[in-house]
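# Fold and geometry: a report
The primary structure of each chain is shown beneath.
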There are 2 protein chains.
Amino acid sequence: MPGDSRAAGTHRSRPSSSQEPPDLEDQDLLLAAAYVSDAQYNRNVPFETSPQAIRLYHFYNHWTMRAATYFFIWLDLALALFEEPAVFPLPFLVTSVAEVLCLTAFFGRLVHFAKVTPQKVFWKDTKNICVMVTIVLTLIDLVIYASLEAVNIRGVRWSRALRPVFLINFPESRQIRRAFRSIRNTLPDILYVFLLFLFSMMIFSLMALKLFGDRGLRTVEGSPYFTNVLDIAFELYVLVTTANSPDVMMPAYELNWWYSLYFITYIIINTYLFMSVFLAVVYNNYRKHLKNEIHTLACLKRHKMTEAFNILKVKVGTAFVVKEARWRQLVKVVAPDISSSHLELLLRISDEGQTGHVDKMNFLRLADLLNIRVVAVNIKRHPLETWMPRVYQSSTSLLVQKMVQHRIFVWVYDVIILINTIFIALDEKDSLISYAEWLFLSLYIIEILLKLYTYEPRAYFGRNQFWNWFDTLIIMAALLATVANTTIQARKYSSQQILDIVLILRILRLLRVIVSIQRFRVIVTTLINIGPTMLTFGGLVLVVYYAFAIIGMEAFHGKVQFLDPGSGSPDALVCGNPALKDSAFARGRYCKNNFNDLASSLILLTELTVVNQWHILADGFALVTHQAAKLYFIGFHIVVVILIVNIFIAFILEAFFVAYSLEKSEVETAIEKKIQELGVGVQEEEVQDGGLIDHMDIKDSGFSADDGDNRKKALKGLYFRIASKKYKTVDTLLQQMFESEIAPEGKDPSLEETLNFSPKKPNFGNSA
Amino acid sequence: MPGDSRAAGTHRSRPSSSQEPPDLEDQDLLLAAAYVSDAQYNRNVPFETSPQAIRLYHFYNHWTMRAATYFFIWLDLALALFEEPAVFPLPFLVTSVAEVLCLTAFFGRLVHFAKVTPQKVFWKDTKNICVMVTIVLTLIDLVIYASLEAVNIRGVRWSRALRPVFLINFPESRQIRRAFRSIRNTLPDILYVFLLFLFSMMIFSLMALKLFGDRGLRTVEGSPYFTNVLDIAFELYVLVTTANSPDVMMPAYELNWWYSLYFITYIIINTYLFMSVFLAVVYNNYRKHLKNEIHTLACLKRHKMTEAFNILKVKVGTAFVVKEARWRQLVKVVAPDISSSHLELLLRISDEGQTGHVDKMNFLRLADLLNIRVVAVNIKRHPLETWMPRVYQSSTSLLVQKMVQHRIFVWVYDVIILINTIFIALDEKDSLISYAEWLFLSLYIIEILLKLYTYEPRAYFGRNQFWNWFDTLIIMAALLATVANTTIQARKYSSQQILDIVLILRILRLLRVIVSIQRFRVIVTTLINIGPTMLTFGGLVLVVYYAFAIIGMEAFHGKVQFLDPGSGSPDALVCGNPALKDSAFARGRYCKNNFNDLASSLILLTELTVVNQWHILADGFALVTHQAAKLYFIGFHIVVVILIVNIFIAFILEAFFVAYSLEKSEVETAIEKKIQELGVGVQEEEVQDGGLIDHMDIKDSGFSADDGDNRKKALKGLYFRIASKKYKTVDTLLQQMFESEIAPEGKDPSLEETLNFSPKKPNFGNSA
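Residues numbered from 1 in each chain as written. Chains lettered and ligands numbered in written order. Predicted model: local features only at pLDDT ≥ 70, side-chain atom pairs only at ≥ 80, totals over all residues. Heavy atoms only, no water.

Condition: UniProt positions are given in the numbering used here, feature names are shortened, and annotations may be inferred rather than shown by experiment.
Under an unreviewed UniProt entry, chain A has the name Two pore channel protein 2-like and belongs to Odocoileus virginianus. Quoted verbatim from the Subcellular location (unreviewed entry) field of the UniProt record, the comment on chain A reads "Membrane".

### Quick notes on the overall build of chain A
What counts is decided by this rule: A run of H or I in DSSP becomes a helix once it reaches four residues, and a run of E becomes a strand once it reaches two; helices and strands are each numbered from the N terminus. Three labels apply to residues, based on accessible area from a 1.4 Å probe with only protein chains included: buried if under 20% of the type maximum, exposed if over 50%, partly exposed otherwise in between. We call two residues in contact when some of their heavy atoms are within 4.5 Å. To be clear on the numbers: accessible area is Shrake-Rupley with a 1.4 Å probe, and residue cover counts the displayed protein chains and nothing else.
Per the secondary structure count, chain A includes 36 helices and 6 strands. Looking at chain A as a whole, 54% of its 768 residues are labelled buried. Here the contacts in chain A between residues at least 6 apart in sequence split such that 77% fall between residues at least 24 apart. Carbon and sulfur atoms provide 64% of the accessible area of chain A, an area that totals close to 34400 Å².

### Comments concerning the interface of chain B and chain A
Note the threshold: Once two parts are joined, some of their accessible surface, as seen by a 1.4 Å probe, is lost; buried area is that loss totalled over both. The rule for a salt bridge is simple: a side-chain nitrogen of Lys or Arg has to be within 4 Å of a carboxyl oxygen of Asp or Glu. Pairs of N or O atoms are called polar contacts if they sit within 3.5 Å, as long as, within protein, a hydrogen donor faces a hydrogen acceptor (for residues adjacent in sequence, only side-chain-to-side-chain pairs). Side-chain classes follow a simple rule in which Ala, Val, Leu, Ile, Met, Phe, Trp, Tyr, Cys and Pro form the nonpolar group, Asp, Glu, Lys and Arg form the charged group, and the remainder, Gly included, forms the polar group.
Facing 94 residues of chain B, the contacting portion of chain A comprises 94 residues. Buried surface at the junction of chain B and chain A, both sides included, amounts to about 8800 Å², of which 70% is carbon and sulfur. Its largest share of buried area at the contact with chain A, chain B owes to K210, E254 and R589 of chain B, together 8% of the area lost on that side. Run the count over chain B and chain A and you get 4 salt bridges. Close ionic contact of D189 of chain B with R519 of chain A constitutes a salt bridge, the shortest N to O distance being 3.5 Å. Applying the counting rule to chain B against chain A returns 14 residue pairs in polar contact (both at pLDDT 80 or more). Here the residues of the side of chain B that touches chain A are counted per class, giving 61 nonpolar, 17 polar and 16 charged.

### A look at the packing of helix α9 (residues 174–212) of chain B against helix α12 (residues 260–312) of chain B
Residue and element names in this part refer to chain B. To be explicit about the condition: Axes here mean lines fitted to C-alpha atoms, for a helix over just the part in contact, with angles spanning 0 to 180 degrees between N-to-C directions. Working definition: roughly parallel below 35 degrees, roughly antiparallel above 145 degrees, roughly perpendicular at 65 to 115 degrees, and oblique for all remaining angles.
Contact geometry for α9 and α12: axes closest at 8 Å, N-to-C directions at 170°. Considered as vectors, α9 and α12 are oriented roughly antiparallel to each other. Classifying every residue of the contact of α9 with α12 by side-chain character gives 23 nonpolar, 9 polar and 4 charged.

### A few points about the relation of the copies chain B and chain A
The criterion, for reference: The atoms used to superpose the copies are C-alpha atoms, taken from residues with pLDDT of at least 70 in both, and the fit is least squares.
Between chain B and chain A, the superposition needs a rotation of 180° and an axial shift of 0.0 Å, giving an RMSD of 0.1 Å. Such a turn and shift between the copies fits a two-fold axis. The residues that chain B uses at the interface reappear at the interface of chain A in 100% of cases, marking a shared surface.

### Remarks on empty space enclosed by the protein
We count it as follows: The definitions used throughout rest on a 1 Å grid laid over the protein atoms alone, on which a cavity is an enclosed set of points accommodating a 1.4 Å probe that cannot get out and a pocket is an open set flanked by protein within 12 Å on both sides along at least five of seven lines; lining residues are those having an atom within 4 Å of a point. Grid points are joined across faces, edges and corners, and a volume is the space filled by probe spheres set on the points.
Tallying each qualifying case throughout the model produces 13 cavities of 30 Å³ or more. The calculated volume of the largest cavity comes to roughly 1100 Å³. Lining the largest cavity are 39 residues, with T242, V645 and I649 of chain A together with T242 and I649 of chain B sitting closest to its centre. Where the lining of the largest cavity is concerned, the elements lending two or more residues are α12 (260–312), α29 (598–610) and α31 (629–660) of chain A together with α12, α29 (598–610) and α31 (629–660) of chain B. Classifying every residue of the lining of the largest cavity gives 23 nonpolar, 16 polar and no charged.

### Considerations on the confidence of the model for chain A
Residue and element names in this part refer to chain A. Which entries qualify depends on this criterion: Per-residue confidence from the predictor is reported as pLDDT, a score between 0 and 100.
Residues of chain A with pLDDT of at least 70 account for 76%, and the chain-wide mean is 76. Confidence over residues 1–25 falls short of pLDDT 50; this stretch has 66 contacts with residues more than four positions distant or in other chains. For residues 743–749, every residue scores under 50 in pLDDT, and the model assigns this stretch 12 contacts once sequence neighbours within four places are set aside. Predicted complex metrics record ipTM = 0.81 and pTM = 0.81.

### Side note on the pairing of strand β2 (residues 319–323) of chain B
Residue and element names in this part refer to chain B. Using the following cut-off: Paired strands are those between which DSSP finds at least two bridges.
In this structure, strand β1 (residues 314–316) lies alongside β2, joined through 3 bridges in antiparallel fashion. If you follow V316 over to β2, its bridge partner there is A319. Remark: 2 residues form the turn of the hairpin made by β1 and β2, two consecutive strands paired antiparallel; G317 in that turn has positive phi of roughly 65°. Direction of pairing for β2 relative to strand β3 (residues 357–359): antiparallel, over a ladder of 3 bridges. Of the residues in β3, the one forming a bridge with V322 is V358.

### Some points on the sheet that holds strand β3 (residues 357–359) of chain A
All names here are of chain A. As summarised here, the arrangement of the 3 strands in space is β1-β2-β3, forming an open sheet in which the pairing is antiparallel. In this open sheet, the two edge strands, each paired with only one partner strand, are β1 (314–316) and β3. Strand-to-strand twist across the sheet, computed as the mean angle between neighbouring axes with direction ignored, equals 55°. This element, α12, spans β1, β2 (319–323) and β3 of the sheet and lies at about 85° to β2. Each of β2 and β3 touches helix α13 (residues 324–334); the most contacted strand, β2, lies at about 55° to it.

### Focus: the state of the cysteines
Where we set the bar: In this description, the term disulfide denotes a pair of cysteine sulfurs within 2.5 Å.
Applying the stated criterion to the full structure yields 2 disulfides over all chains. For C575 of chain A, the disulfide goes to C591 of chain A, at an S-S distance of 2.1 Å. Between C575 of chain A and C591 of chain A, the S-S torsion sits near -70°, and that sign places the bridge as left-handed. Residue C575 of chain A is found in the loop between α27 (531–556) and α28 (584–587), and its partner C591 of chain A is found in the loop between α28 and α29; the two are separated by 16 residues along the sequence. Exposure remark for C575 of chain A: the relative accessible area of 0% places this residue in the buried category. Residue C130 of chain B stays outside any disulfide, its sulfur separated by 18 Å from that of C102 of chain B, the closest cysteine.

### A short note on the environment of H112 of chain B
If you trace the backbone, H112 of chain B turns up in helix α5 (residues 92–115). Residues within four places of H112 of chain B in sequence aside, it is in contact with L56, F59, Y60 and M65 of chain B.

### Digging into the packing of aromatic side chains
Heads up, the condition is: Ring pairs shown here join Phe, Tyr and Trp side chains whose ring centres sit within 6.5 Å, with only the six-membered ring taken for Trp; geometry is labelled stacked below 30 degrees between planes, edge-to-face above 60, and tilted in between. A ring has a charge above it when a Lys NZ or an Arg CZ is no more than 6 Å from the ring centre and no more than 35 degrees off the ring normal.
One pass over the structure, following the stated rule, counts 94 aromatic pairs over all chains. Geometrically, the ring pair formed by F197 of chain A and F278 of chain A is edge-to-face, given 5.9 Å between the ring centres and 75° between the ring planes. Note that F197 of chain A is positioned in helix α9 (residues 174–212) and F278 of chain A in helix α12, a separation of 81 residues in sequence. Per residue, the accessibility class of F197 of chain A equals that of F278 of chain A, and both read buried. Joined through ring pairs, the aromatic side chains of Y545, F548, F556, F585, Y590, F595, F621, Y632, F633 and F636 of chain A make up one cluster. Stacked on the ring of Y283 of chain B, the Lys or Arg R287 of chain B has its end atom at 5.3 Å from the ring centre.

Printed below as a string of structure tokens:
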């Protein structure tokens, strides 16, 4: 048991300030801390963890080690930029040495992890096995490639497609792994719908062959229309993505309008019905799976907290409780950085009757309590008021302040932005307009200065005052841009890139309009809230794109070339490949869409994700290689558009529904109630309302107050509030939703029961 | 009060056999019947309804009147086929007389409705006002057009776009009205997201103008690239629909790959993020609104049932109850066609203790009880077994029966279908293959005969044996098609249409594969279940399409013409309009996509719904008329794709979620329990399992059994089961979901409370 606690207990240092959802580790930490506390308190329980092991563990979790791991992961991925076909070519020797270096680093990290993890746990974890297998495969590939290179045969660096494995399988990418698990669990259900969809496509293909095959129809390009069943199937698959509508229908439609009914039926069944069913199946599974996982996590948390309670409990009267002193010690161990006033607040909530001990129910929610960010609010006077009270309180000054706080002030500036927009849209070469630029800029700066005069500066730039920061940063950027622009124009120096950035920054200034319209702010805030989780999708998309890009580069690089059309070379019109003569690919001037380096490949894959014209791209690459090349493009479509984009939509829908049904959790309500009871609360509405904070200094509860028995003193002069619920992550909200469904107090499910709750035991990260 | 009951009480004759969700009218009927029953039973309550009024009401609701109304609605809509620009031209005199005839019919229907409705209710209903205003407007338009025609000026028949109003506003189109209400309620929320979306588009347009405007870039067609801010905005709007990706990006991308980031950012923000947010907002509102409406309906039902109970109740002991005799009378009034055994079953459920009276709780669920279709199952022997038992029970016969019931029998036929598919795909002109056709057909017919030999024929073609019917119909159609084909080929006669239908029917035979794969059947059953509600969307789409088609025909007819390219006329290449020279529209041979008659217009609008290439169509019509024509296409996109398609997706998602979480309702469970208790139940699984029913005759509870006190006798030899829950409509499921949320027994909400539940009082059909 102590060995267990050693492994699980010490690898996360500051749970209370973390914005992440309270995952397993917090409970592990508390459980371990309970052991530690028990040992320190009683001085008689044997505690066998060697200090060396703990040091090793701390070192494993040190930020430098993590940063180094990430550095090597990104280096490994970035190697594709320098390997043939390269954006910036480097000799094979350099890239292979770099790759071996990365592999060594990964291996070292793995060995280190093995040292701090029990053998059994380490070898049971598929992550570790995956990483090891990938390392071995990459080495084998490197050796084969190098030996072939030595005898001048060009091999295929297939192992490069495996590189994202390192990104997925390191413990820190928990979210990406969860998304992949979600996809894996959806697959069986999707499969049957997909088969039915293929079947329906086949039936329609046969019909098309019989209906149109013998008519001698020709497409716009003059090629035979619907004569080969495989071509028809491809065309109809493209029609599902809508990319060749209405062109594919025109020859038949010209013959008889009656035939358009065939295509309309096909579109209704396959495009609208089946694609909606795909979304429904993906969404349903996503939600089910998420619920299962979070439910399991929540049950496990409850279980561990109960275990920790059982270690620390003593019997007082008829009930088991935890003594106040031990509770304090535990919290200090778990959250060493906690301020004493914060600690007092938590104790007041946990020990409501001030009986000197915490009962089971209150103890169980300790992990949640620690996870809620309580912000200490310090009401302060404006510095100007302190320095020169008479001037600041004069009637002129008060009038200015009142004016700034008035609604009309906001409206006036909205009109100014509107006029500014028109000026930006007009040609700026006119000197009058470029002078006007300066006028607008100074107006904006005056606005910010006026606001700083009215509101307390530290409150105005408080931690959660996102919109104030946004506003100021945009103006600063625009100021910089305008200054830079003038300088550049004055010196007749023109770097295109800098000029472009300047232009964009100046236009971004218009985003200020969002700040002043409340409804827009709400929408944007919701979008920003789901931002972090959207990064998970970024990771997911990166992994899939990278693998497909590597495969695409191996298969298609150099087949299509972009030659400057200005050179007048006849090859420029057919992208350097005569096979493309008269193709829609060449006619659309798509030569730049190729797999000749990583950047081009990624851009091309983005175009394929957007779907439109993907069949022309697929046809182009099929012409320069082989018809089977279309399979690559169809595969990409199935993986990215049918699976990942649908999961993305499912995620957005779920996030919006959660945001719509936003309510405070039971624990938060308890804290808030206590804060109000103690009379140290701030109405959240006052604080939240944009720039209208009055003379308040908000900072995280990191101030130093005297630690002691005098609780009243510690809380005196301070106000608390719960950090805005608007800035919670979706995960936290989901967890909150599902936690209320867990069996109430007293009916604790057993650990076995909990783990068998979901059909498959989920992957618990490195602490399982 | 009696007047009220007259209006509401008698206009629905057989609620028990209806598959529709239990809506308001059932409760109205019950309430009214309670009055009637009370009158008949006590013979002392005055009942003032004149027989004439009731006859008028019955006449209003007679099926011939309803059919006539629908006929005139469709005639009115179909007039567009015969009016200029017409598919089948008719003189103005004929169409205008037909239209006046329709209007007279609508007016007559309205007057009839006014006669059977209380004045106050009639004039409060916006539906009636709408119909009247539309009639008047149409008449005015007709008069103006005719007078202009008389002096040879061609007017605009603008009132034609209003015709769908009749379809929406007649009482029978409740579902379409609900969909429109749902859209109306979504609008305010959608509006803000849309404004933000427009704002973001504007910012990006300005950026594009600054970044690319001065570069002198040219598109593939050679026109200037991104020089006019309005053109840019249109291009970017098209990019949101993905229709011009990646073409719109290529000129900038060729200049520098860096610029592709601009477009990728734009696509991520506007295409993926905003379009998902639109879906989320529409979906969320759809769900909220649906829940509100169904909640209100359910509360109203509860209220009316309570009122009916209060009329009929008598005090027995301490509780109020309804006597058995009155209960029977009530049910007989409400459902005159109910069989006595069915009635006995319901009584047994309602009067559990056989106390001779029904308590309040059981009375309240009477409407639900009547709405559940109970099927009487009559277990019968195979007719052959009755006629020649010795032969049928012989060992050979039993072996055949066992063989047919075996899994391998199904597999063998799956393989046969597979081989058949390959034969169909091959060229059928080969005589060997055309003989093989006969072989396959006879194999299929033998299969059906064998099944009929093994299973009881009436059971095999039972009411809910959808898949058996499906199977047989497909084979019969294929048989007919093959015979027809042979006849046609023998006589050297070839009608293209008949040949096409024959071909399609023969290929549809392959759908049999679905029957034999269980997982496919489940998916298809779900899709079929949501079919009826999907027809609502059909109506909704029809209304919008019709209005847009009429506007489109008035604005664009004759501008683009399809001339046979075989004629060699130079005009054929530019669709008969020189303005289209060198346009993408003419190059894509899109001449057939025009507004020259209703059929073409509807097909064109379908193409616009599919979205791809819609900008080329819009550009084409803008070239032949005016740039402002693009607004028509953008408007259509916003209404159909952003609103209606999203509501469609929301509906499919919701329907699937409901289907996934399918559970029996509380009332159904009670009935089933009672059926089991009485020992007259059939295991639903046995009956449901496709063709594996053994010697059972299922018919609706319409058999004649002796009516009397001997209940045992009435139930003897009969088995009951609840009609499959798989074939319920989504509405019923939703109602079931929300009903459980209503306050339980004893806490009846008042009517006022109920009606104020939703912010706006919903439209209660003609009974409000």
